[in-house]
Amino acid sequence: MSFDIDEQYEKIYRYCFLRVRHKETAEDLTQETFLRYLEHPHYSSVDKTLQLLYTIAGNLCTDEFRKKRTEELPDTEISSESVEDDVLSNFDLKQALGKLSEEDREIILLRYVNEVPVNVIAKLHNISRFALNRRINRILGTLHDYMGREELI
């Protein structure tokens, strides 16, 4: 696995956007994440680089949330070009994800949306890979129950 800065930039932006739900704020947080990353010595391991990027981004998003705790963040709009079934599926999934804890949502986002390796996520959460796999299976089962469907991700 090689480290592509452009690809990681998009994934960090998506991660920040899904946490703060504001385009400009997510862009600022993403830029700040990479500025802080560049201040650190470079790691030879891609896993450690990804872990550092997500740690910085997560801390910045948490700090942003603390600053704006009293403000309600706007929901993103669903594209009108989507097919009705896709809209309903996305809505169901969004509602089901909303029922999860913030940490569980983050794990699912990192694993399935940003395709972060299990060992990186496990290090971020200070648990073993096996414990993380069990947790992911539990979260997916919970989502399955919330959505009442056979297939999720």
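Conventions used here
- Residues numbered from 1 in each chain as written.
- Predicted model: local features only at pLDDT ≥ 70, side-chain atom pairs only at ≥ 80, totals over all residues.
- Heavy atoms only, no water.
- 1 Å grid on protein atoms, 1.4 Å probe; cavity = no way out; pocket = protein on both sides within 12 Å on 5 of 7 lines; lining within 4 Å.
- Points joined across faces, edges and corners; volume = space filled by probe spheres on them.
- Helix = DSSP H or I, 4+ residues; strand = E, 2+ residues; numbered from the N terminus.
- Nonpolar A, V, L, I, M, F, W, Y, C, P; charged D, E, K, R; others polar.
- Axes fitted to C-alpha atoms, helices over the stretch in contact; angles between N-to-C directions.
- Parallel < 35°, antiparallel > 145°, perpendicular 65-115°, else oblique.
- Left-handed = near helix turned anticlockwise from the far one by under 90°.
- Contact = heavy atoms within 4.5 Å.
- Expected span 1.5 Å × (residues − 1).
- Buried < 20%, exposed > 50% of the residue type's maximum accessible area, 1.4 Å probe, protein only.

Student: Which parts of the structure should I look at to understand the layout of surface pockets?
Tutor: Left-over empty space is what a probe sized like a water molecule reveals as it rolls over the atoms. Space inside the second largest pocket adds up to approximately 180 Å³. Those elements that place two or more of their residues in the lining of the second largest pocket are α1 (5-20) and α3 (46-67). For the lining of the second largest pocket, the element with the highest residue contribution is α3, accounting for five residues. Here the lining of the second largest pocket is composed, by residue class, of three nonpolar, five polar and two charged.

Student: What is the right way to read the packing of α1 against helix α2 (residues 23-39) from this model?
Tutor: Between two packed helices, both the angle of their axes relative to each other and the distance between the axes serve to describe the pair. One way to put it is that α1 packs onto α2 with a least axis distance of 8 Å and a crossing angle of 135 degrees. Between α1 and α2, the angle falls in the class oblique. Crossing angle aside, the handedness with which α1 passes α2 is right-handed. Counted together, Ile5, Gln8, Tyr9, Ile12, Tyr13, Cys16, Phe17 and Val20 of α1 and Lys23, Thr25, Ala26, Glu27, Leu29, Thr30, Gln31, Thr33 and Phe34 of α2 form the full contact between these two elements. Partitioned by chemical class, the residues of the contact of α1 with α2 number 10 nonpolar, five polar and two charged.

Student: Would you explain α1 in this entry?
Tutor: Residues three or four positions apart in an α-helix share a direction because the helix packs 3.6 residues into each turn. The first and last C-alpha atoms of α1 sit 22 Å apart over 16 residues, in line with the 22 Å expected at 1.5 Å per residue. Among all positions of α1, only Gln8, Lys11, Ile12, Tyr13, Tyr15, Cys16, Phe17 and Val20 are buried. Following α1 by one or two positions, Arg21 has its phi on the positive side, about 55 degrees.

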